[in-house]
Amino acid sequence: MSLKTGLSIVIVLLTFSGMNAQEIDLLILNRNYQFAIAQIDRMLESGPTADLYFKKGLVCEKLMDFDGAVTALQAACTADSTNAIYLEELAEAWSSLGNHTDAALCLQRAAGLEPDNLVQKGKLAQCLISLKNYQDACSLYSQIYQRDSTNTYHNRYFAYAAYQAGQLDLAVRLYGRLAGQMVRDVQVYLNLAGIYNKQKKFSQAVTTCMHGLHLFKDHPALLLKWAEILFQNKEYGKAQYPYERYLARNDSTFEVLKNYGICLYFTRFEEESLRTLDKCYQLTVNDPIVNFYIGACYKKLKQFPESVDFFKLAIETATPFYLADIYQHLGQVYGLQREFDSSIAAYQEALKLDPENAELLFEIATTYEEIRSSETLALNYYQSYLKQAGEQAKRADYALDRIKKLKEELFFEQ
């Protein structure tokens with residue numbers, strides 16, 4: 001008799017004689033899940049027990065039948081409501097179906113039965129994170145941390161919960177410790193850099209990105225985080241490099257192209273900036289920032305008609321926050337074209353939107369000087385500029401000199 005034939009006979013005999021719990025466990029261990037389910041169902045018909053329902057739930061999970069797992073595990077919990085393991089497994093099945101609410105309820109019941117079980121506390125904390133209940137999750141992880149501060153798995157989630165709960169100093173300590181251990185989780189470095197940036201700790205944010213890139217060479221998320229931090233802090237020249245490294249290996253998005261184009265503008269690569277921003281313009285014509293910087297590029301390149309067109313388009317598409325700045329640039333372009341009436345009108349619009357910007361008064365004064373018979377208006381605006389700006393006047397010396405000369409000219413004209 002062959003070994004294969006002998007095994008077949010044993011299986012058949014077991015099937016007809018009925019299996020015991022150990023034999024069911026052996027089937028599960030050998031991943032013979034379908035046969036195990038069939039035998040468990042047969043045994044349940046003759047004598048249902050909590051243990052059999054539990055084992056059926058485990059097998060259903062292995063078969064990715066989480067609905068079946070929930071049904072079986074609920075039956076196990078009904079048959080034995082004091083078994084924390086059953087509740088924990090039911091929570092796993094609920095979580096697999098995306099039902100973190102019921103999963104959390106199961107784990108809370110399990111925690112009541114085994115209050116010192118750190119594994120269950122950790123699972124409950126993860127459920128609470130999925131439910132965006134970061135404060136309670138943070139509290140649970142704090143309890144775990146007091147008992148075991150070396151568990152990297154728990155510490156990663158503890159740091160994240162603290163971050164989302166707004167406990168930034170705690171999150172920095174936890175993430176900093178993980179980064180010091182050179183944990184190979186890119187999210188550690190991304191979140192730590194983001195927190196430092198929120199805390200206005202610019203150099204630490206950049207250093208964290210560099211540390212992460214040492215472990216994850218050219219990782220796109222880290223390159224973007226590095227570039228964005230530099231960009232947000234108006235370090236446009238430095239931001240250009242990580243944007244270029246990112247674009248060399250990854251698909252460009254609208255925001256990445258836009259920010260890169262702005263960096264090129266500030267580093268005086270106007271033609272390259274124009275080409276980059278034009279790609280953004282082709283994607284959407286209604287972005288006021290894109291339209292503004294295209295207008296600014298044309299202004300630098302002395303292509304004034306195109307500059308005017310894009311500044312006007314920027315005004316049409318801008319939110320009020322940007323309008324004053326755009327009108328100011330438009331006024332400057334009209335002035336460069338010696339269209340002084342249009343220039344004054346643009347400056348006046350900017351002044352209505354941003355009356356605290358004293359530099360606009362200076363711009364209006366210099367423009368009126370270009371118009372004949374407007375010396376009195378120019379003088380008044382220079383004086384208003386000095387009065388409003390006070391010690392903050394950036395061009396006080398020039399304004400004082402022009403006031404003196406204008407007064408002399410007006411005196412001799414009398």
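Quick note: structure is the one above.
For clarity, every value in this text was computed on a predicted model and none was experimentally measured.

> Would you mind going over the packing of aromatic side chains with me for this structure?
A ring pair, where both rings are aromatic, is described by two values, the distance of the centres and the angle of the planes. Summed over all chains, the structure comprises 21 aromatic pairs. Summarising the aromatic geometry, the rings of tyrosine 265 and tyrosine 293 are spaced 5.4 Å apart at their centres and angled 65 degrees between planes, so their arrangement reads as edge-to-face. Linking tyrosine 265 in helix α16 (residues 254-266) with tyrosine 293 in helix α18 (residues 288-300), this pair joins segments that are 28 residues apart in sequence. Neither residue differs from the other here; tyrosine 265 and tyrosine 293 are each classed as buried. These aromatic residues form a ring-pair network of at least three members: Phe231, Tyr236, Tyr243, Tyr265, Phe266, Phe292, Tyr293 and Phe311. Here arginine 156 stacks its cationic end above the ring of tyrosine 157, 5.5 Å away from the centre of that ring. The aromatic ring of phenylalanine 216 is capped on one face by arginine 184, whose charged end is 4.8 Å from the ring centroid.

> Would you mind showing me how to read the pattern of salt bridges here?
Pairing of side chains with opposite charge becomes possible as their charged atoms draw close. Counted by the stated rule, this structure contains 15 salt bridges. Two residues, aspartate 41 and lysine 56, come together in a salt bridge whose shortest N-O distance is 2.9 Å. Separated by 15 residues along the polypeptide, aspartate 41 in helix α3 (residues 33-46) and lysine 56 in helix α4 (residues 50-62) bring together distant segments of the chain. Lysine 300 is paired through a salt bridge with glutamate 270; the nearest N and O atoms lie 3.9 Å apart. One end of the pair, lysine 300, is in helix α18; the other, glutamate 270, is in helix α17 (residues 270-283), with 30 residues separating them in the sequence.

> Explanation requested: the layout of surface pockets in the structure shown.
Over the atoms rolls a probe the size of a water molecule, and its path tells where empty space is left. Of the volumes computed, that of the largest pocket is approximately 500 Å³. Along the walls of the largest pocket sit 18 residues, with Lys234, Tyr236, Ile289, Tyr293 and Tyr322 positioned nearest its centre. Of all the secondary-structure elements, those providing two or more residues to the lining of the largest pocket are α14 (220-232), α16, α18 and α20 (320-336). Its residues placed into classes, the lining of the largest pocket shows twelve nonpolar, three polar and three charged.

> Is there a simple way to think about the packing of helix α7 (residues 100-113) against helix α8 (residues 118-130) in this case?
For any two helices packed against each other, the geometry comes down to the angle between their axes and how far apart the axes lie. Running from N to C, α7 and α8 cross one another at 155 degrees; their axes reach a closest spacing of 9 Å. Considering their axes alone, α7 and α8 lie roughly antiparallel with respect to each other. Helix-helix and strand crossings are classified by hand; for α7 and α8 the assignment is left-handed. In this structure, α7 uses His100, Ala103, Ala104, Leu107, Gln108, Ala110 and Ala111 to contact α8, whose residues at the interface are Gln120, Lys123, Leu124, Cys127 and Ser130. Of the residues in the contact of α7 with α8, the class split is seven nonpolar, four polar and one charged.

> What is the right way to read the packing of α18 against helix α19 (residues 304-317) from this model?
Taken N-terminus to C-terminus, the directions of α18 and α19 make an angle of 160 degrees; their axes are 8 Å apart at the nearest point. Classified by the angle their axes make, α18 and α19 are roughly antiparallel. Considering only the axes of α18 and α19, their crossing is left-handed. Where α18 approaches α19, its residues Pro288, Asn291, Phe292, Ile294, Gly295, Ala296, Tyr298 and Lys299 are matched on the opposing element by Phe304, Glu306, Ser307, Phe310, Phe311, Leu313, Ala314 and Thr317.

> Please clarify how the environment of leucine 131 should be interpreted in this entry.
For leucine 131, the location among the structural elements is in the loop between α8 and α9 (134-147). Residue leucine 131 is classed as partly exposed on the basis of its relative accessible area of 37%.

> Would you explain helix α6 (residues 84-96) in this entry?
In an α-helix, one full turn covers 3.6 residues, which means residues spaced three or four apart are oriented alike. Across its 13 residues, α6 extends 19 Å between first and last C-alpha, which sits within 8% of the 18 Å expected from 1.5 Å per residue. Listed in full, the buried residues belonging to α6 are Ala84, Tyr86, Leu87, Glu88, Glu89, Leu90, Ala91, Ala93 and Trp94. Looking at the buried residues of α6, the elements they touch are α4, α5 (66-79), α7 and α8. One side-chain oxygen at the N-terminal end of α6 lies 2.9 Å from the backbone nitrogen of isoleucine 85; it belongs to asparagine 83. Backbone geometry just after α6 places glycine 98 at a positive phi near 85 degrees.

The rules we used
Note on numbering: residues in each chain are counted from 1, in written sequence order. This being a predicted model, a pLDDT of at least 70 is required before a residue's local features are given, and a value of 80 or more before pairs of side-chain atoms are given or counted; all residues contribute to the totals for chains, interfaces and linings. Calculated side-chain values reflect all of the structure's heavy atoms, with hydrogen atoms and water omitted. Two rings belonging to Phe, Tyr or Trp (six-membered ring only in the last case) form a pair when the distance between their centres is within 6.5 Å. Interplanar angles under 30 degrees mark stacking, angles over 60 mark edge-to-face geometry, and anything in between is tilted. Under the scheme used here, helices are H or I runs from DSSP no shorter than 4 residues and strands are E runs no shorter than 2 residues, and both carry numbers assigned from the N terminus. Only protein chains enter the accessibility calculation, which uses a 1.4 Å probe; a residue is then buried when its area is under 20% of its type maximum, exposed when over 50%, and partly exposed in between. By definition, being over a ring means that NZ of Lys or CZ of Arg is both within 6 Å of the ring centre and within 35 degrees of the ring normal. For salt bridges, the criterion is a side-chain nitrogen of Lys or Arg within 4 Å of an Asp or Glu carboxyl oxygen. Only protein atoms enter the 1 Å grid used here, on which a cavity is any set of points holding a 1.4 Å probe that cannot leave and a pocket is any open set flanked by protein within 12 Å on both sides along at least five of seven lines; residues with an atom within 4 Å of a point are listed as lining. Grid points are joined across faces, edges and corners, and a volume is the space filled by probe spheres set on the points. Gly is placed with the polar residues, together with every amino acid not listed as nonpolar (Ala, Val, Leu, Ile, Met, Phe, Trp, Tyr, Cys and Pro) or charged (Asp, Glu, Lys and Arg). Working convention: axes come from line fits to C-alpha atoms, limited for helices to the stretch in contact. Angles between N-to-C directions cover 0 to 180 degrees. Roughly parallel here means an angle under 35 degrees, roughly antiparallel means over 145, roughly perpendicular means 65 to 115, and every remaining angle is called oblique. Each helix crossing is assigned a hand: it is left-handed if the near helix lies turned anticlockwise from the far helix by less than a right angle, otherwise right-handed if that turn is clockwise. Throughout, a residue-residue contact means that at least one pair of heavy atoms, one from each residue, lies within 4.5 Å. Each helix should span, by expectation, one fewer than its residue count multiplied by 1.5 Å. Pairs of N or O atoms within 3.5 Å make up the polar contacts considered here, provided that, within protein, one atom can donate a hydrogen while the other can accept it, and that residues adjacent in sequence are counted only when both atoms are side-chain atoms.

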